[in-house]
Amino acid sequence: MTTLSEELTWRGMVNQMTFANITDLDKETRTFYFGVDPSANSMTIGNLAAAMMVRQFIAHGYKAILLVGGATGLIGDPDGKKQERDLKTRDIVNANVQGIVAQYRRLFDGLDFEIVDNYDWFKNINYLDFLRDVGKYVSLTQMLDRDFVKDRIGEGGSGISYAEFSYTLIQGYDYLHLFREKNATMQMGGSDQWGNMIAGTQLIRRIESAEAHVFSTPLVINKQTGVKFGKSEGGAVWLDPAQTSPYKFYQFWLNVDDETAEDLIKIYTLLDKRTVDDLIASHRENRSGRALQRELAYRVTELVHGSSVADKARRVTKVLFSEEGVELSSLTGEEIDMLAAELPAAERGNVVDALVVAGVAQSKGEAKRLLAGGGVAVNGQKVDDTYEITDTSLVKKGKNTFVLIR
């Protein structure tokens, strides 16, 4: 079995750490914590990258505490934000907490972990006691030296409230509390959380005269755009199926470029090194087959939404793109419903009317020209403007425009 340090290294999950050497991770197991703030009721695939790192630590015997920030969510992390956040009500934050907790349970199903909410220990803290017992040990100079603070209070900055300025102190106290109550001696997260995480180790050292560690994983960057991975033209890619449908989720992974796919298959799946190396080698021999992207799309969709949903997304995709002879008629009612949620639709009847009703053609004249030019197929067969659609069918214009007839 590979060591934890070897596993993290080949998967590209190593960024900064307070350990002298990454092999220190192999010498003893620890209790660690990993947190997500409920700024929304769902994690994104950016959060998922860090969660996959967490899974590796659990698999190698570390004890996991999964924190949801019911308290910090009431303030909002200012790091990386150019302007002050709008405060969320406690009801909204509570609802978001429940959404994150549900996703924790799915992503870490079958593993040993504990879920905590930092609101549980912050709700009864006295402000004066907090200043005396915690704030007294935090250097204002170090807080002012944070990049996001400099950006916000410097020339042209939008300014920063005392509440957001104090966010680092609040997160640092989380680590101190979990150190005291749960014997947590390591915190982990994305590289953008490094400053907040280090604040906790400093509190533990100054107040408890004890050692605690931080381990961060790199942010996943789209190599083609340079943008933090998980962002698309429509915004973030969410784990919640109500915000990013399982079909769109599957398609997102299916459409990543070759170079990015070689990195993501290591980060976002649990496939072992030999299997991944074989997949990459096979893919390089036949890039047009996109075997790597297909495996990536299925595995991540399976992890987030379950094997049944992943199977549906895969079969629906095969129908749309005429793969492996899978026909529309072979789809189940649920698979048809998945298609219907994504495609423009029209009723049975003449194909010209269907193209216009679905908005694929702006007029009957345009529809007839498309048909005359051989640019329209119904269930894989080219048709002309006299064709009548009498059954549930898939109309395809060009390569990637579809209409579902039900």
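Focus: the overall build of the protein
In terms of helices and strands, the protein carries 18 helices and 14 strands. Seen along its three principal axes, the alpha-carbon backbone of the protein occupies a region of about 80 × 50 × 40 Å. Counting all 406 residues of the protein, 49% fall into the buried class. Summarising the internal contacts of the protein: among those between residues at least 6 apart in sequence, 71% fall at separations of at least 24. Total accessible area on the protein is roughly 19800 Å²; 47% of this is exposed by carbon and sulfur atoms. Taking the 47 positively charged and 56 negatively charged side chains of the protein as two groups, their mean positions are separated by 1 Å.

Points about the nonpolar core
Counting 100 residues, the largest nonpolar core has L25, F32, F57, M186, W253 and Y268 as the members making the most contacts within it. Ranked by the residues each element gives to this core, the list is headed by helix α2 (residues 45-59), at 10 residues. Beyond its immediate stretch of four places on either side in the chain, F32 contacts V54, F57, I58, Y62, K63, A64, I65, M186 and M188. In terms of nonpolar packing, the next biggest core, distinct from the first, is built from 17 residues, V352, A358, A361 and I389 among them.

Topic: the sheet that holds strand β11 (residues 381-382)
Sheets are built from strands paired through backbone hydrogen bonds, the pairs being either parallel or antiparallel. A sheet is described by the order of its strands in space; here five strands give the open sequence β8-β14-β13-β10-β11, paired in mixed fashion. Two strands lie at the open edges of the sheet, namely β8 (345-346) and β11, each paired on one side alone.

With respect to the sheet that holds strand β2 (residues 63-68)
Pairing is parallel in the open sheet, where five strands are placed in the order β3-β2-β1-β4-β5. Each edge of the sheet is formed by a strand with only one pairing partner; in this case those strands are β3 (113-117) and β5 (213-217). The average angle at which neighbouring strand axes cross in this sheet is 25°, direction not considered. Here five bridges tie strand β4 (residues 184-190) to β5, and the two strands are oriented parallel to one another. Counterpart to M186 in the pairing with β5 is H213. Contacting β1 (31-36), β2, β3, β4 and β5, helix α9 (residues 167-182) crosses the sheet at an angle of about 145° to β4.

Looking at the packing of aromatic side chains
Two measures describe an aromatic ring pair: the distance that separates the ring centres and the angle between the ring planes. Summed over all chains, the structure comprises 14 aromatic pairs. On the numbers, 5.5 Å between centres and 70° between planes, the contact of F57 with F215 is edge-to-face. On the criterion of sequence distance, the pair formed by F57 in helix α2 and F215 in strand β5 is long-range, its members being 158 residues apart. Take F57: its relative accessible area is 0%, and that puts it in the buried class. Both rings, one in F130 and one in Y173, keep their centres 5.6 Å apart while their planes meet at 75°; by these two values the pair is edge-to-face. Note that F130 is positioned in helix α5 (residues 127-133) and Y173 in helix α9, a separation of 43 residues in sequence. Take F130: its relative accessible area is 12%, and that puts it in the buried class. The structure contains a cluster of three or more aromatic residues connected by ring pairs, namely F32, F57, Y62 and F215. Sitting above the plane of the Y298 ring, R314 keeps its charged end 3.9 Å from the centroid.

Calculation notes
Residues numbered from 1 in each chain as written. Predicted model: local features only at pLDDT ≥ 70, side-chain atom pairs only at ≥ 80, totals over all residues. Heavy atoms only, no water. Helix = DSSP H or I, 4+ residues; strand = E, 2+ residues; numbered from the N terminus. Buried < 20%, exposed > 50% of the residue type's maximum accessible area, 1.4 Å probe, protein only. Contact = heavy atoms within 4.5 Å. Areas by Shrake-Rupley, 256 points an atom, 1.4 Å probe, with all protein chains shown as cover. Lys, Arg positive; Asp, Glu negative; His and termini not counted. Charge placed at Lys NZ, Arg CZ, Asp CG, Glu CD. Core = buried A, V, L, I, M, F, W, Y, C linked by side-chain atoms within 4.5 Å. Pairing = 2+ DSSP bridges. Axes fitted to C-alpha atoms, helices over the stretch in contact; angles between N-to-C directions. Phe/Tyr/Trp six-rings, centres within 6.5 Å; stacked < 30°, edge-to-face > 60°. Lys NZ or Arg CZ within 6 Å of the ring centre and 35° of its normal.

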